[in-house]
Amino acid sequence: MSPLRSATIVRRARAVLLGGAVGDALGATTEFMKPAQIRERIGVHREITGGGWLNLLPGQVTDDTEMTLCVARGIVQTREWNLAAIADRFAHWLSGEPADVGATCRRGILEYVETRRLAAAPNEWDAGNGAAMRVAPVALYTLGDEELLSRLAVEQAHVTHHHPLSDAACVAVGRLIQRGLLRTPLAGLRATAEELAARHPEFRFEGYDGESSAYVPDTLRTVLDAFFSTGSFEDCLVKTVNRGGDADTAGAIAGAIAGARYGLSAIPRRWVNALDAGLREELASLAEQLVRNSPLFDRA
Ligand code: MN
Ligand code: MN
């Protein structure tokens with residue numbers, strides 16, 4: 001691979017993880033609000049101001065970014081696919097009593113701590129967002145091999161979530177990140193999303209006007225509708241988080257997908273600068289190491 005191409009891919013990989021964190025920080029303010037409440041209290045929410053139900057500082061991120069960091073660190077620090085290393089990082093994170101942790105994530109991590117099992121049993125209540133919101137590092141690490149992406153995206157999901165809709169969401173988000181990063185034209189990205197909706201009609205997103213929720217199809221429909229009805233990173237994220245509901249999680253997923261498509265320079269500087277400098281640096285470094293260890297770079 002030419003140095004220019006590899007540098008371009010590294011920059012886009014950074015946009016995926018930084019985009020996710022920015023979406024989390026932006027959306028945390030409007031999490032669990034209704035669109036009408038947002039309009040009344042804020043107007044259009046487009047600045048990282050903190051607050052929200054968690055009473056965050058401006059730029060503070062939540063479980064979505066923290067679990068993404070666990071996945072990324074687990075891969076990078078062991079230099080291999082080591083699911084137990086990822087689960088150990090989830091366990092360590094949970095032991096620090098994070099302010100917000102989804103019920104399914106909590107249950108799955110506690111089961112891992114007790115029994116060391118790495119795959120939760122199938123559960124009809126596991127169609128939440130917790131696995132899809134942290135899949136971005138897997139998309140970077142498996143860049144260039146979509147079969148491997150599908151396998152590892154689902155493996156990391158099953159540590160806490162074991163449901164066909166969660167699995168399908170993880171794979172679709174991973175594919176959209178990878179294909180966006182490799183400059184697949186918009187029609188191809190749309191086909192990727194439509195393929196998901198054809199297999200699981202729960203994900204039909206055309207004209208979706210509901211809100212994201214604790215049910216992953218609602219969240220993904222919100223993200224996909226915003227992504228395909230806007231033309232910039234900023235507009236995609238503003239549209240996503242102003243829908244309220246699980247706004248930080250939808251923001252994190254939208255930020256990763258839009259980051260892959262639009263690249264680093266499209267993420268508003270004011271949003272990137274709102275993040276903690278240490279977090280910014282770690283995300284940038286992890287993104288680079290993940291893609292440099294991917295099949296795409298290995299082959300080159
Ligand atoms: Mn969150
Ligand atoms: Mn959330």
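The preceding data block contains the structure.
Scope of this entry: the structure provided in the associated data block.

What counts and how
- Residues numbered from 1 in each chain as written.
- Chains lettered and ligands numbered in written order.
- Predicted model: local features only at pLDDT ≥ 70, side-chain atom pairs only at ≥ 80, totals over all residues.
- Heavy atoms only, no water.
- Core = buried A, V, L, I, M, F, W, Y, C linked by side-chain atoms within 4.5 Å.
- Buried < 20%, exposed > 50% of the residue type's maximum accessible area, 1.4 Å probe, protein only.
- Helix = DSSP H or I, 4+ residues; strand = E, 2+ residues; numbered from the N terminus.
- Contact = heavy atoms within 4.5 Å.
- Donors = N, O, S within 2.8 Å, 3.2 Å for Na, K, Ca; no water.
- Phe/Tyr/Trp six-rings, centres within 6.5 Å; stacked < 30°, edge-to-face > 60°.
- Lys NZ or Arg CZ within 6 Å of the ring centre and 35° of its normal.
- Axes fitted to C-alpha atoms, helices over the stretch in contact; angles between N-to-C directions.
- Parallel < 35°, antiparallel > 145°, perpendicular 65-115°, else oblique.
- Left-handed = near helix turned anticlockwise from the far one by under 90°.
- Salt bridge = Lys/Arg side-chain N within 4 Å of Asp/Glu carboxyl O.
- Expected span 1.5 Å × (residues − 1).
- Polar contact = N/O pair within 3.5 Å; in protein donor to acceptor, adjacent residues only side chain to side chain.
- Nonpolar A, V, L, I, M, F, W, Y, C, P; charged D, E, K, R; others polar.

Structural notes on the nonpolar core
One broad trend across soluble globular proteins is that nonpolar side chains are buried collectively.
Next up, step 1: With 95 residues, the main nonpolar core has Val16, Leu17, Leu140, Ile177 and Leu237 as its most contacted residues.
Next up, step 2: Broken down by element, the residue count for this core peaks at eleven residues, all from helix α1 (residues 3-27).
Next up, step 3: When sequence neighbours within four positions are dropped, the list of residues in contact with Leu237 reads Gly19, Val22, Gly23, Leu26, Gly251, Ala254, Gly255, Ala258 and Trp271.

Quick look at the coordination of the manganese ion (ligand 2)
Next up, step 1: Within the protein, the atoms that donate to the manganese ion (ligand 2) are Glu31 (OE), Asp246 (OD), Asp248 (OD) and Thr249 (OG1), at distances of 2.0 to 2.4 Å.
Next up, step 2: When the donors of the manganese ion (ligand 2) are listed by position in the chain, the intervening gaps give E-x214-D-x1-D-T.
Next up, step 3: A separation of 3.4 Å is found between the manganese ion (ligand 2) and the manganese ion (ligand 1), which are bridged by Asp248.
Next up, step 4: The exposure class of Thr249 is buried, given its relative accessible area of 3%.

Brief notes about the packing of aromatic side chains
Next up, step 1: Here the structure, examined in full by the defined rule, presents six aromatic pairs.
Next up, step 2: An aromatic cluster is defined as three or more aromatic residues linked by ring pairs; in this entry it consists of Phe205, Phe227, Phe228 and Tyr262.
Next up, step 3: Note that Arg116 overlies the ring of Tyr112, its terminal NZ or CZ placed 4.7 Å from the centroid.

A closer look at the packing of helix α3 (residues 63-78) against helix α14 (residues 277-292)
A pair of packed helices is captured by two measures, namely the crossing angle of their axes and the spacing between those axes.
Next up, step 1: Running from amino to carboxyl end, α3 crosses α14 at an angle of 45°, the nearest separation of the two axes being 10 Å. By the angle between their directions, the pair α3 and α14 is classed as oblique. Crossing handedness for the pair α3 and α14: left-handed. Packed against α3, whose contacting residues are Thr65, Leu69, Ala72, Arg73, Ile75 and Val76, the element α14 presents Leu279, Glu282, Leu283, Leu286, Gln289 and Leu290 at the interface.

Overview of the pattern of salt bridges
Next up, step 1: Within the structure shown, the criterion is met by 20 salt bridges.
Next up, step 2: Glu288 is paired through a salt bridge with Arg14; the nearest N and O atoms lie 2.7 Å apart. You can see Glu288 sitting in helix α14 and its partner Arg14 sitting in helix α1, a full 274 residues away along the chain.
Next up, step 3: On the basis of relative accessible area, Arg14 is assigned to the partly exposed category, the value being 24%.
Next up, step 4: A salt bridge links Asp225 to Lys239, with the nearest nitrogen and oxygen atoms 3.7 Å apart. Of this pair, Asp225 sits in helix α10 (residues 216-228) while Lys239 sits in helix α11 (residues 233-241), and the two are 14 residues apart along the sequence.
Next up, step 5: When salt bridges that share partners are traced, they join Glu146, Arg175, Arg179, Glu195 and Arg199 into one network.

Here we look at α1
Next up, step 1: Helix length check: α1 (25 residues) gives 36 Å between terminal C-alpha atoms against 36 Å at 1.5 Å per residue, within 8%.
Next up, step 2: The buried fraction of α1 amounts to 18 of the 25 residues, a majority that puts the element mostly inside the structure.

Focus: the side chain of Thr192
Next up, step 1: With respect to the helices and strands, Thr192 occurs in helix α9 (residues 186-199).
Next up, step 2: Looking at Thr192, its side chain comes within polar contact range of the side chain of Arg179, at 2.7 Å.
Next up, step 3: Contacts of Thr192, omitting those with residues within four sequence positions, involve Arg175, Leu176 and Arg179.

Overview of the packing of helix α8 (residues 164-181) against α10
Next up, step 1: Relative orientation of the contacting elements α8 and α10 amounts to 25°, with a least axis distance of 10 Å. The angle between α8 and α10 places the two elements in the roughly parallel class. Classified by chirality, the crossing of α10 by α8 is left-handed. Of α10, the residues touching α8 (which contributes Leu165, Ser166, Ala169, Val173 and Leu176) are Val216, Pro217, Leu220 and Leu224.
Next up, step 2: Within the contact of α8 with α10, the residues separate by chemical class into eight nonpolar, one polar and no charged.

Quick notes on unusual backbone geometry
Next up, step 1: Located in the positive-phi region is Asn55, a residue other than glycine, with phi close to 55°.
Next up, step 2: Mapped onto the elements, Asn55 comes out in the loop between α2 (35-41) and α3.
Next up, step 3: For Arg79, which is not a glycine, the phi torsion comes out positive at approximately 55°.
Next up, step 4: Within the secondary structure layout, Arg79 lies in the loop between α3 and α4 (83-95).

Remarks on the side chain of His162
Next up, step 1: Here His162 shows up in the loop between α7 (146-158) and α8.
Next up, step 2: Polar contacts involving the side chain of His162 include one to the main-chain carbonyl oxygen of Ala120, which spans 2.6 Å.
Next up, step 3: With residues near it in sequence (within four places) discarded, His162 still touches Ala120, Ala121, Pro122, Asn123 and Asp126.

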